[in-house]
Structures are given as C-alpha cells and as structure tokens.
Amino acid sequence: KKHKLKMFFSLVVASCVLLVDGLSLQPGSRCCDTASSRRDSLKFIAFGSVLPILLQESVGAAEPKKILVAGATGQTGRRIVERLSKIDGIAVVGGVRNIEKATKSLSEDSIVVRGAMVQNVGSVAPVDLLKIDVVQDTLDQVTSTMSGKNFDALIIATGFVPSSPFKMKEAAHAVDNVGTIKLIDAAVAAKIPKIVMVSSILTNGRNWGQENSPGFVVTNAFGGVLDEKIVAENYLRNTNIDYTIVRPGGLKAKPPVGALQVSKEDTLNAGEISRDLVADVCVASLFDLKATNKIVEIIENDDLAYTPLAPSPNQPPKVPFI
C-alpha cells in the first residue's frame, strides 16, 4: 500500500510538470491559435485520458493472493470460498472444524436445516482445508495453524447455530464473542494484514436507540447474539490491523433478486439480503481500499433489479463502499 501511495504522489507531480510543459502559452496568446498550441492541447487531452487509469492503479488495493476463510462450511462461508476459488490468481483455504466432514460437505449439493431455516447448498470446487475450531482450539493452536502460510487476509464467517434454547447464550458467547476474538488475536500474531468479519445489522443497536426495535429484539433473543457480536467488532476495531466489518440484514438462502444497498454503520434496522450478495461484498472488500477500516451495512433493495457485481466469475466483484 505504501508503494501504491508513492506511485500516486509521483503521478501527481508528473502531471503538474506535464501540464506546465505541455501548455507553454506565451503572454497574450490564445489557446489553439497556432499549430503549436493545438499540439499542446492534444498533449494535455491525451494525458488527461490516461491519468485516471494511472490513478486508479495507484490507489487501488494491492491484490491479495492467498485468503483464509474461517467457517468455510457455513452457509455464507462456503459461498465466500466458492467466489474466491473462481477468481484468477487467488488461492483460498478453508478453516473448518473437521476436515473429513468438510471435504464431503463442500463437495455435495444438498438441502440442510440450520435452526429455523431450510437452505439449498451448492457444491464447492476442491480447496485446501485447515482445522480451526474456535471453541475447542486454544489461541496458541489457532495461531500455529495460521502462521507461516503467507495469508494475505482472513475472512471470519463463523457464527453459532441456534439449537437448544437452554444453551444458546453459552454458544453465542463462545463462538461470536470469545471464538471470534481468538481468530483476531491469532491473525494479528500470524501477521495477517487484513481481516474481513461478517457480523449483523443492529449489533450496535443499543447505542443508537434500537434496542426495542423488532429486528433487535427478535435477533438478540437467540442467545443475546447481537450483544456478543458487538464485543468482537469493537475488539477488531481497536487492533492495528486493516479491517472491514460487513453487517448484513436478515440472511436469505435464495439468489438475490433486488439490487445491493450499501449503507453506513448504524443506519439500517430492517431488511433482508441473499447470502450470495454477502459473499460478494466480503470478497470485494479485499480488493478495494475504500473498504479499509470500515463498517458497511447491506440489504437488498427490492425496488431495483439485481445486477451482477462482477463482470465475470473469474474477476472480483465491485461494490460501492461508502
């Protein structure tokens, strides 16, 4: 990134030199009155057409090469793995609790039940897998698993699955709070430069007058999960690592039908979104400097038709981060 910024400032200086040299108007002269000044103008126009391209290259995020996805067998995690595995030049590694089960699960099309949701699950092309259990593994074990593998980014797509009503609070605390912080600490120790975390809208609802809103009350009824997630979010924000926190609305298993709506933090208290779009936003944040140290909230806008965010599957999606 420092190299990119140096290139940016060099281009700005070069542009100033070229403008001064290229226009070279004499006192009292009028632009384009002579063949020489017409040539000068063409030089200016030609450079002006190239400069935006050069600047785009100079301020864009350095392209990642190797990405670790924690929670790769989850419904959002497997979609992230699928997206990344198709992009040219990207190596994706899935972090899973059980490699044997994950290998079988990721290779199959199936219909599964997750809590109250029935979801269609597509197969994922074979990828490398690492054992990471955010509840059972110690911090040292997770750090050792991540270290020395030259990961450019970690995407955290873990989340507790509601099951027994008597154990939901314990599970939400173990996975969405303590377990997520464990992943963050391990990534910092392993010198992974970027973390993308999948969270939820209304995690910070108590601090902007939404604790009695239907969305907060219903979601937080599952083990106080929003209260647990905000602890992990704040922990990540207080590290020195580059982060993007993605807060989706209610998650849908179906493909998107509405356009992606991107909002700033603490602005959305309702709405739904396809997990496919959540995966796209997570992947896009790896390639865009505008996603640096930012929280984005996302839902589908049903008033506008969905359009693909990537020109082709082998290219990263583009998202209007704000």
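The present account deals with the structure reproduced in this document.

Rules behind the numbers
Residues numbered from 1 in each chain as written. Predicted model: local features only at pLDDT ≥ 70, side-chain atom pairs only at ≥ 80, totals over all residues. Heavy atoms only, no water. Core = buried A, V, L, I, M, F, W, Y, C linked by side-chain atoms within 4.5 Å. Buried < 20%, exposed > 50% of the residue type's maximum accessible area, 1.4 Å probe, protein only. Helix = DSSP H or I, 4+ residues; strand = E, 2+ residues; numbered from the N terminus. Contact = heavy atoms within 4.5 Å. Pairing = 2+ DSSP bridges. Axes fitted to C-alpha atoms, helices over the stretch in contact; angles between N-to-C directions. Expected span 1.5 Å × (residues − 1). Salt bridge = Lys/Arg side-chain N within 4 Å of Asp/Glu carboxyl O. Polar contact = N/O pair within 3.5 Å; in protein donor to acceptor, adjacent residues only side chain to side chain. Phe/Tyr/Trp six-rings, centres within 6.5 Å; stacked < 30°, edge-to-face > 60°. Lys NZ or Arg CZ within 6 Å of the ring centre and 35° of its normal. Parallel < 35°, antiparallel > 145°, perpendicular 65-115°, else oblique.

### Digging into the nonpolar core
Considering soluble globular proteins, one finds that nonpolar side chains tend to be buried as a cluster.
Right, so step 1: Counting residues in each nonpolar core, the largest one holds 38 residues, and the members touching the most others are Ile80, Leu84 and Leu260.
Right, so step 2: Among the elements that take part in this core, helix 9 (residues 275-284) stands out by supplying seven residues, more than any other.
Right, so step 3: Here Ile80 is in contact with Val69, Ile155, Ala157, Val198, Ala279, Cys282 and Val283, once residues within four sequence places are set aside.

### Side note on the sheet that holds strand 1 (residues 66-70)
Right, so step 1: Taken together, the eight strands give an open sheet; going across it, the order is 5-2-1-6-7-8-12-10, and neighbouring strands pair in mixed fashion. Here the strands that pair on one side only, and so sit at the sheet edges, are strand 5 (128-131) and strand 10 (258-264). Between one strand axis and the next, the sheet turns by 25 degrees as a mean value, whatever way the strands run.
Right, so step 2: Packed on one face of the sheet, helix 3 (residues 75-86) meets strand 1, strand 2 (91-96), strand 6 (153-156) and strand 7 (194-198) and runs near 165 degrees to strand 1.
Right, so step 3: Sheet strands touched by helix 4 (residues 99-106): strand 2 and strand 5. Its angle to strand 5, the strand with the most contacts, is close to 145 degrees.

### Remarks on the pairing of strand 10
Right, so step 1: In terms of burial, strand 10 is a largely internal element, five of the seven residues being buried.
Right, so step 2: Two strands pair when backbone bridges link them, and strand 10 and strand 12 (residues 294-305) are joined in this way by seven bridges, in the antiparallel orientation. From the neighbouring strand, Gln261 faces strand 12, where its bridge partner is Ile299.

### Digging into helix 6 (residues 168-189)
Right, so step 1: The end-to-end C-alpha distance of helix 6 is 30 Å, a good match for the 32 Å that 22 residues give at a rise of 1.5 Å each.
Right, so step 2: In the stretch just after helix 6, Lys191 is the one whose phi turns positive, near 60 degrees.

### A short note on the pattern of salt bridges
Right, so step 1: Counted by the stated rule, this structure contains 16 salt bridges.
Right, so step 2: A salt bridge links Asp176 to Lys229; its shortest N-O distance comes to 2.8 Å. In this pair, Asp176 sits in helix 6 while Lys229 sits in helix 8 (residues 225-237), placing the two residues 53 residues apart along the sequence.
Right, so step 3: A relative accessible area of 3% places Asp176 in the buried class.
Right, so step 4: When its relative accessible area of 11% is taken as the criterion, Lys229 is described as buried.
Right, so step 5: Each of Arg79, Glu82, Arg83, Lys86, Asp276 and Asp280 takes part in a single network of salt bridges with overlapping partners.

### Quick notes on the side chain of Glu233
Right, so step 1: With respect to the helices and strands, the residue Glu233 is situated in helix 8.
Right, so step 2: Looking at Glu233, its side chain comes within polar contact range of the side chain of Arg247, at 2.7 Å.
Right, so step 3: Ignoring sequence-local partners within four residues, the contact set of Glu233 consists of Met197, Ser199, Ser200, Thr203, Ile245, Arg247 and Ile295.

### What to know about the packing of aromatic side chains
Right, so step 1: One pass over the structure, following the stated rule, counts zero aromatic pairs.
Right, so step 2: The lysine or arginine in question, Lys66, covers the ring of Phe151, its NZ or CZ lying 5.2 Å from the ring centre.

### A few points about the environment of Val246
Right, so step 1: You can see Val246 is positioned in strand 8 (residues 242-248).
Right, so step 2: In contact with Val246, not counting residues within four places along its chain, are Val196, Met197, Val198, Ser199, Ser200, Val281, Cys282, Val296 and Ile298.

### Digging into unusual backbone geometry
Right, so step 1: The backbone phi angle of Asn150 is positive, close to 60 degrees, even though this residue is not glycine.
Right, so step 2: When you line up the elements, Asn150 lands in the loop between helix 5 (139-146) and strand 6.
Right, so step 3: Of note in the backbone geometry, Lys191 takes a positive phi value of approximately 60 degrees without being a glycine.
Right, so step 4: Topologically, Lys191 is positioned in the loop between helix 6 and strand 7.
Right, so step 5: Residue Lys191 is classed as exposed on the basis of its relative accessible area of 70%.

### Brief notes about the packing of helix 6 against helix 8
Right, so step 1: Where helix 6 meets helix 8, the closest approach of the two axes is 8 Å, and the angle between their N-to-C directions is 10 degrees. Of the possible angle classes, the one that applies to helix 6 and helix 8 is roughly parallel. In contact with Lys169, Ala172, His173, Asp176, Asn177, Thr180, Ile181, Ile184 and Asp185 of helix 6, helix 8 contributes Val225, Glu228, Lys229, Val231, Ala232, Tyr235 and Leu236.

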